[in-house]
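Chain residues, written in single-letter form:
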Amino acid sequence: MNYKVILNGCSPNFSNQCSTIGTFLTSTAALELEAQTIIFYNNPALASQFAAETPTDRVHLVKIEQYETQTVLAILTELEKPDPADLYLFPGDYAGSEIAVRLACRLTGSSLAAVNSLQTDQDQIICTKVVYNGYLQGRFSLNKKPYCLSLARGITGNRDNQGIEKREIIQSDRSAEEQPAYIIKQTVDPAELLSELEEAKFVVAGGRGIKNKENYLDLQQSARRLGAALGVSRPVAMNGWAPLDKLIGASGIIASPEICLALAVSGSPAFFSGIEKSRKIIAINTDPQAAIVKNADLTVIDDYKAVLDELTRLIEKDKNR
Amino acid sequence: MNVLVCFKVVPDLDQLSGSDWVVDGCSRVETRFVKRMINPYDESALELALKMADQARGSGVTLGLNSLTIADSGANLTLKSLRALGYQEAVRIEADRDLEFAPEDVAALIAAYVLSTDPLELIMMGRQSGVGDNAKTPLLIAELLRWPCITQVIAVEKDAAGTYLVTAMADEGVVTRIIEPPCVLAIGNAPSSTLRVPTLRAIKEQSAIAVKTYAAAELISTSPTLPVNPGAELLTLEVVNRNRGGLIIEGADATEKAQILYQSYLKGWLAEL
């Protein structure tokens, strides 16, 4: 299948995008590595590094002033005419999820967001993605080319693009493109390259059951004493008890620690998708019927504070020996 | 009206137990008995618009708010509550079929409504909603109307000059833009955006006022033809199994359970880090 990968080189998570796409390609028999990746970037010093990380054997580096949806859509639409593709693949980050859907509209194709697998059939493709807030997985058919797909967040694993010995690279400079007229002024408060939560080997995650901001602050102290990174479920962040950059789950950070201590979380799929890559999950919850109980490796049915206090005491005692 | 906020009343799927997840012959799960709620992202959109109207009023600017849902008459109560909260209009589109997995058709209905009503400055709605989890509707509306769209919005304000200050999460960080309308805003994780509660008196005042209702077919037939793209067709559904076994640690009290957890499991796991 003739396809293109679209990556955002203006984002600090470029390597994650490559890893996601690379893993997806490795697990998708229908897609060979012979394809073009279009990378939008604005820092020339990073261009060769981006090209080397690319998951396919052909690279088109497009220099732009800044990554703006309208600009990127216009360039992609223009590039389609001389070099059409059957399929466009985007990573599941904010930009990819948005542009996949809008590009399909402009190219009169069909789109699907947050895809986690793909199979080709005669005149259609079959994709899966989670629905019903993550409780179910749906199989979908798309039959109008070009198919524009954004991938599910959290696709990581074995990446096999090492077989690419030489990449064919072309470059173009579109940095003179005018910015969209509807934006009068724009400022960016840059994101950190990788959050502490994404890299942590030990994560403590607090859910709605922590009840208030004061308890969140106590939890922050406990996590520090345990040497763990702290994350929270959506209700905790939405209530303003914790900052947004602590949000774990489908709409937040996908953590993949060795150990996750899930405290007072119900375990809804939207949250669980943010910790399910943990090697070991320990739940502490007063409700034996909570979904997290079955989804954890170990569960303590009790008040999280009392259990956490004792765990902290034991861990510190061993540390101080 | 300046601002249209679209919302959806959805089942609270977290209320379903494991045995409730039975897929019927039409690739759906029975959710009619489950408590309903406003989709959380849409709820944030509704509250952000109210906050924006409050803030604009403080600066001497009046902001007209309109709310819209595509639903059966069960949503009328929510629409009347929104009127009681300060939404000047509450509109319901009666669909003639299940649209859970048809975001292209939902977007076409909303775009048709927008084209049939007075000019708007903003359309606000949540970035995604269950049951379909399509995450496409605001983007499709923007394409149909040829408007720009900002996703993952967490705050919005209107200023006296007629422009809007929009703050949104992006892969590069937090982006703040001053924009000229019109624009579609897809609301993301906006903190402290739980929808306020109307007073009983305000609800009583709205109870006799009928909700403006449109039939989907009538709306589409009277609007300009829109280029609706083909969507993805749902073939099958299956339950996602995340079960890890869930060994429960027994003990006399929290302290003893913590000690067993630590000595038998956690201590060894931590040593391997």
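Heads up: the structure comes first, above all this text.
Now for a look at the structure at hand. (Residues numbered from 1 in each chain as written. Chains lettered and ligands numbered in written order. Predicted model: local features only at pLDDT ≥ 70, side-chain atom pairs only at ≥ 80, totals over all residues. Heavy atoms only, no water.)

### Some details on the overall build of chain B
Inference 1: Counting its secondary structure elements, chain B contains seven helices and 13 strands.
Inference 2: Here chain B holds 273 residues, and the buried ones make up 52% of them.
Inference 3: Counting only contacts in chain B whose residues sit at least 6 apart along the sequence, the fraction spanning at least 24 positions is 71%.
Inference 4: If you sum the accessible surface of chain B, you get close to 11900 Å²; carbon and sulfur atoms cover 51% of it.
Inference 5: Taken together, the 24 basic and 34 acidic charged side chains of chain B have centroids lying 4 Å from each other. (Helix = DSSP H or I, 4+ residues; strand = E, 2+ residues; numbered from the N terminus. Buried < 20%, exposed > 50% of the residue type's maximum accessible area, 1.4 Å probe, protein only. Contact = heavy atoms within 4.5 Å. Areas by Shrake-Rupley, 256 points an atom, 1.4 Å probe, with all protein chains shown as cover. Lys, Arg positive; Asp, Glu negative; His and termini not counted. Charge placed at Lys NZ, Arg CZ, Asp CG, Glu CD.)

### Notes on the interface of chain B and chain A
Inference 1: Contacts between chain B and chain A engage 86 residues on the former and 89 residues on the latter.
Inference 2: Together, Asp171(B), Arg242(B) and Arg244(B) form the three largest contributors to the area buried by chain B at its contact with chain A, with a combined 12%.
Inference 3: The interface formed by chain B and chain A contains seven salt bridges.
Inference 4: For the salt bridge of Asp297(A) with Arg244(B), the shortest nitrogen-to-oxygen distance reads 2.9 Å.
Inference 5: Linking chain B with chain A are 46 residue pairs in polar contact (both at pLDDT 80 or more), by the criterion used here.
Inference 6: Only α1 (40-58), α4 (137-145), β7 (149-158), β8 (164-170), β9 (173-179), β12 (233-239), β13 (247-248) and α7 (254-271) of chain B provide two or more residues apiece to the side of chain B that touches chain A. (Buried area = accessible area lost by both parts, 1.4 Å probe. Salt bridge = Lys/Arg side-chain N within 4 Å of Asp/Glu carboxyl O. Polar contact = N/O pair within 3.5 Å; in protein donor to acceptor, adjacent residues only side chain to side chain.)

### Some points on α1(B)
Residues and elements named next belong to chain B.
Inference 1: Here α1 contains 19 residues, and its C-alpha end-to-end distance of 27 Å stays within 8% of the 27 Å for a straight helix at 1.5 Å per residue.
Inference 2: Turning to α1, its buried residues are Tyr41, Asp42, Ser44, Ala45, Leu46, Glu47, Leu48, Ala49, Leu50, Met52, Ala53 and Ala56.
Inference 3: Following α1 by one or two positions, Gly60 adopts a phi angle in the positive range, close to 80°. (Expected span 1.5 Å × (residues − 1).)

### Looking at the layout of surface pockets
Inference 1: Empty space within the second largest pocket amounts to approximately 1300 Å³.
Inference 2: Lining the second largest pocket are 43 residues, and of these Asn13(A), Arg153(A), Glu198(A), Gly252(A) and Ile253(A) sit closest to its centre.
Inference 3: Of all elements in the fold, only α1 (14-27), β11 (183-190) and α5 (196-199) of chain A together with β8 and β9 of chain B reach the threshold of two or more residues within the lining of the second largest pocket.
Inference 4: Top contributing element to the lining of the second largest pocket by residue count: α1(A), with four residues. (1 Å grid on protein atoms, 1.4 Å probe; cavity = no way out; pocket = protein on both sides within 12 Å on 5 of 7 lines; lining within 4 Å. Points joined across faces, edges and corners; volume = space filled by probe spheres on them.)

### A short note on the nonpolar core
Residues and elements named next belong to chain A.
Inference 1: Ranked by internal contacts, the top residues of the largest apolar core, which has 45 residues, are Leu89, Tyr132 and Leu149.
Inference 2: Setting aside its immediate chain neighbours within four residues, Leu89 contacts Tyr3, Lys4, Val5, Ile6, Ile21, Phe24, Leu25, Leu31, Leu149 and Leu151.
Inference 3: Residues Tyr216, Met238, Leu263 and Val300 belong to the second largest nonpolar core, which totals 37 residues. (Core = buried A, V, L, I, M, F, W, Y, C linked by side-chain atoms within 4.5 Å.)

### Focus: empty space enclosed by the protein
Inference 1: A full pass over the atoms with the stated rule returns two cavities of 30 Å³ or more.
Inference 2: There is about 110 Å³ of room inside the largest cavity.
Inference 3: Residue lining of the largest cavity: Tyr94(A), Ser97(A), Glu98(A), Arg127(B), Ala135(B), Pro138(B), Leu139(B), Thr151(B), Gln152(B) and Ala186(B), and that is the complete set.
Inference 4: Those elements that provide at least two residues to the lining of the largest cavity are α4 (94-106) of chain A together with α4 and β7 of chain B.
Inference 5: Here the lining of the largest cavity gets three residues from one element, more than from any other, and that element is α4(A).
Inference 6: Partitioning the lining of the largest cavity into residue classes produces five nonpolar, three polar and two charged.
Inference 7: What lines the second largest cavity is simply Leu112(A), Phe140(A), Phe101(B), Pro103(B), Glu104(B), Asn134(B), Lys136(B) and Ala232(B).
Inference 8: Its residues assigned to classes, the lining of the second largest cavity comprises five nonpolar, one polar and two charged. (Nonpolar A, V, L, I, M, F, W, Y, C, P; charged D, E, K, R; others polar.)

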